[in-house]
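Overview (structure and organization)
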Amino acid sequence: MDKIIILDFGSRLTALLGRRVRELGVYSEVIPGTTPLAAIVPGGPNRPDSKGDMVRGIIFSGSPESVNSKNGPVPDQKIYDCGLPILGICYGIQRITADHGGQVAAMPQREEGRVEVKGKFPAPADPVFDREKVGRFFTGFDNYSLDQIKKGAVRGAGASANGVCAAGEWSFISYMAHGDKVERIPKGFRQYAESVSGCPSVIVHETKPIIGLQFHPEAAGCDRGLEILAGFVFGVCQSAPGWTMEQYVNEICSSLAKKVGKEPVLLLISGGVDSTVTGALLLKALNPDQVHLMYMDTGLMRKDETKSVKETLERLGARHLHILNCENEFLAALKGAVDPEAKRKIIGDLYITIQERETARIGLPETTFMAQGTIYPDIIESGRAELNGALVKSHHNVGSPLVDAKRRAGRVVEPLEKLYKDEVRILGSFLGLGKDVIGRHPFPGPGLGVRILGEVTKEKCDILREADAIFINELKKRKAKSGKFLYDEIWQAFAVLLPIKSVGVEGSKRVYTHVLALRAINSTDAMTAEVYPFETKDLLEISRLITANVKEIGRVAYDISNKPPATIEWE
Ligand code: XMP
C-alpha cells in the first residue's frame, strides 16, 4: 500500500494532517520530525518495506517553535536528496528555507486565520523540477473537483495550462497561523504566491520535488485545502489510494492484542460515542472474557442514560458488565465545590478511586490494563506535554495523576487517540453500532457536573436532567429546513443550569426561579464551533415547553457564542 509520512514538528494540527491524507484514501503515518531517513525508508527510497508498504512522499508539519530557536526541530538533512517529494507546511516551509540557506525572520504581527493568498508569480508552466508534476500540484488550487484529482484527471502534460493557475493571477483564501515568515527565498527555489501582507506562501524547488506552503491546507478554514493536499498526494507523489476503515480496524485490533496479551482490560464506559466504540473495539480485538466494562452512574448522567447504556453494552456481547450506582458518593464529594477545575478533578479522581476499589472487589489483578476512549482533541486540549498543546481544560480522562501513574506503568490503552470525532463515528458504524449510539452528541466525562455552574446538588441535577431531556427530545422530533431532524443536523446540543435565579410570574405571584441556557453548536472536530442558527419559532416553542414542564425554571436563554472565544461547555 502507498503511504505518506508526516514528520511531526509539534503542531496542534499534525494529527489532522494525517487524518486528511487518510480522508483522501491514502495511508499516512505520523512520526517524530527528527526520525532518520533510514528509519523512514528502511529499504531505501522508492522501495517497499517489509510489509509491502511504499513511502510516496513526506510532509513536514507545522510547529510552535521557530527555526531560529535552538529548540526548533531539524529533520535528517539527507531527506532533501532522497528523491521523495516533500511538502513543508508552515514551520515546514520555514524549515526548508533555513535548511537551504534562505532566511526566516519574525514578523511584527502574526498572520492568523483566513488570509488571502495571491499567485502573481511565473505560472507553473515555467521550467521547474518537473513541469508536469508541479502542474499537477497546482491543480489543487485550480478548478478540478476532488474526485477528478483522485481519479487522475490531472495526470499528463498540459495540466498546468488549465484554469486559474496558469493565468498567472489567481487567489484563494488560505488558513494561516504563523509569527515567522520566509524573509529570503533560498537559492534554487521559486516563489509562486504571496499572502496579502506580502509573505511568500508557496515556494517550489527548481529541480527537486520540494514544495513549501506557508498556510495550512489541512485546516477546515482553508478553501480547497483538501484539493491542495490531493494535488500533492496524487499529482506529485503519484500515490494510489488503498486505505480503508477495514484495514485501519485490523491494524488497531492487532496492536491492541499485541500490547494487552492475555491480561484483562478494564474500560470505564461513559455511555458516549467514544467509550462505546472503544468497548466495541476491545470486544472485537480481544477475547470477550478479557474485557471488563464498567459503567458508573455518577448521578451526573442524562435522563434514562444508565438504562440505554446497559442495553447497548449487552447488545455488544459484553460478558463482564459492571454497572455501579455511585450517585451518593459523587454528590458527597462535590459538595461545596464551585471551581470548574476543582470539580473536574474531584470527579476524575473519584472515577479512578472507585475504579481501583471495584477492580479489587471484582478481583482483577494488578497487571490489568486500563482502556480509555480518549480521542485526539482530548489530548491536545489537555496539553499533554509531548504535543505542546496549551492547557485549556483538564479533561478527566487524561488529566488525573492516577491515570498518569497507570500510563507511566505502560498499562493504558487508548485505541482512538489518533482519531477525530467524525472518524470515531465512521469506525463505530463500521463495527456495527447503531445510529442511536454513533449519532449521539458528545457528552463530557464529568457529565452534568460541568453543566451545572457552581455547586452541584441532586436537586439541580434533577432539574437539569428534565430540561435537557425536553430540549433533546424536541431536537429529535423537529425537522430543519434541510429535511433532516435538528438533532442530526446539530453536532452537539445540551442545556446548562446557571448559578443565578431570576424573577418571574406564576399566575399572579412573583417567583424566583432558575435560569437555563441552551447550547447548540456545529463543529467537525470540537476545536472550533459555530452556534446553530435555529429558527426563532423552534427556540420559542422549546423554551415554552421547558418552562411549562419544569417549574423550577422560569427563564431560558440561548447561548450565541462561537468557539473561540467561548468553549463548547460552559465550564
Ligand atoms: P470544550 O468545552 O473544551 O469541549 O470546547 C470540546 C468537546 O469536548 C467535550 N468535553 C469533554 N469531554 N471530558 C470529556 O471526555 C471532559 O472533561 C470534557 N470537557 C469537554 C465537550 O462536550 C465538547 O464536545
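The preceding data block contains the structure.
Notes on the structure in this doc start here.

Basis of the calculations
- Residues numbered from 1 in each chain as written.
- Predicted model: local features only at pLDDT ≥ 70, side-chain atom pairs only at ≥ 80, totals over all residues.
- Heavy atoms only, no water.
- Pairing = 2+ DSSP bridges.
- Helix = DSSP H or I, 4+ residues; strand = E, 2+ residues; numbered from the N terminus.
- Axes fitted to C-alpha atoms, helices over the stretch in contact; angles between N-to-C directions.
- Salt bridge = Lys/Arg side-chain N within 4 Å of Asp/Glu carboxyl O.
- Buried < 20%, exposed > 50% of the residue type's maximum accessible area, 1.4 Å probe, protein only.
- Contact = heavy atoms within 4.5 Å.
- Core = buried A, V, L, I, M, F, W, Y, C linked by side-chain atoms within 4.5 Å.
- 1 Å grid on protein atoms, 1.4 Å probe; cavity = no way out; pocket = protein on both sides within 12 Å on 5 of 7 lines; lining within 4 Å.
- Points joined across faces, edges and corners; volume = space filled by probe spheres on them.
- Nonpolar A, V, L, I, M, F, W, Y, C, P; charged D, E, K, R; others polar.
- Left-handed = near helix turned anticlockwise from the far one by under 90°.

Some points on the sheet that holds strand 7 (residues 189-195)
An order of 2-1-3-4-9-8-7-5-6 is seen for the nine strands of this open sheet, with the pairing classed as mixed. Of all strands in the sheet, those bounded by a partner on one side alone are strand 2 (27-32) and strand 6 (170-184). When strand polarity is set aside, the average angle formed by the axes of neighbouring strands in this sheet is 25 degrees. Sheet topology places strand 4 (residues 86-89) next to strand 9 (residues 210-213); four bridges connect them, and they run parallel. Following the sheet pairing, I86 is matched in strand 9 by I210.

Some remarks on the pattern of salt bridges
For side chains bearing opposite charge, pairing can occur when the charged atoms are close. Inspection of the entire model under this criterion finds 38 salt bridges. Across the pair R302 and E305 runs a salt bridge, and its minimum N-O distance is 2.8 Å. Given the relative accessible area of 13%, R302 is considered buried. Classification of E305 by relative accessible area gives buried; the value is 1%. The salt bridge involving K458 is made with D462; its shortest N-O contact spans 3.0 Å. Of this pair, K458 and D462 both sit in helix 18 (residues 458-477), four residues apart, roughly one helical turn. Here K458 falls in the partly exposed class, since its relative accessible area comes to 39%. Residue classification places D462 among the partly exposed residues on the basis of a relative accessible area of 31%. The network of salt bridges with common partners includes E474, K477, R478, K537, D538 and E541.

Description of the sheet that holds strand 11 (residues 291-297)
Taking strand neighbours across the sheet as the criterion, the five strands line up as 12-11-10-13-14 in an open arrangement whose pairing is parallel. Strands with a single pairing partner mark the edges of an open sheet, and in this sheet they are strand 12 (320-325) and strand 14 (412-413). Relative to strand 11, strand 10 (residues 265-269) runs parallel, the two sharing five bridges. Bridging across to strand 11, L268 finds its partner in M294.

Quick notes on the side chain of R302
As for its placement among the helices and strands, R302 is situated in the loop between strand 11 and helix 10 (305-315). Contacts of R302, omitting those with residues within four sequence positions, involve R440, H441, F443, L448, R465 and D468.

Section: the nonpolar core
In terms of nonpolar packing, the biggest core is built from 48 residues, with M296, F471, L475, L516, L518, F534 and I546 touching the most fellow members. Element by element, the count of residues in this core is highest for helix 18, at eight residues.

Structural notes on empty space enclosed by the protein
By the definition in use, this model includes two cavities of 30 Å³ or more. Estimates place the volume of the second largest cavity at around 40 Å³. Together, K3, I40, V41, P42, G43, R47, P48, D49, D53 and V55 line the second largest cavity. A per-class count over the lining of the second largest cavity returns five nonpolar, one polar and four charged.

Notes on the packing of helix 11 (residues 327-334) against helix 12 (residues 340-362)
Two elements in contact, helix 11 and helix 12, have axes whose closest approach is 10 Å; the angle formed by their N-to-C orientations is 145 degrees. As helix 11 packs across helix 12, the resulting crossing turns out to be right-handed. Only K343, I346, I347, L350, Y351, I354 and R357 of helix 12 make contact with helix 11, whose side of the interface consists of E329, F330, A333 and L334. Looking at the contact of helix 11 with helix 12 residue by residue, the classes come out as eight nonpolar, no polar and three charged.

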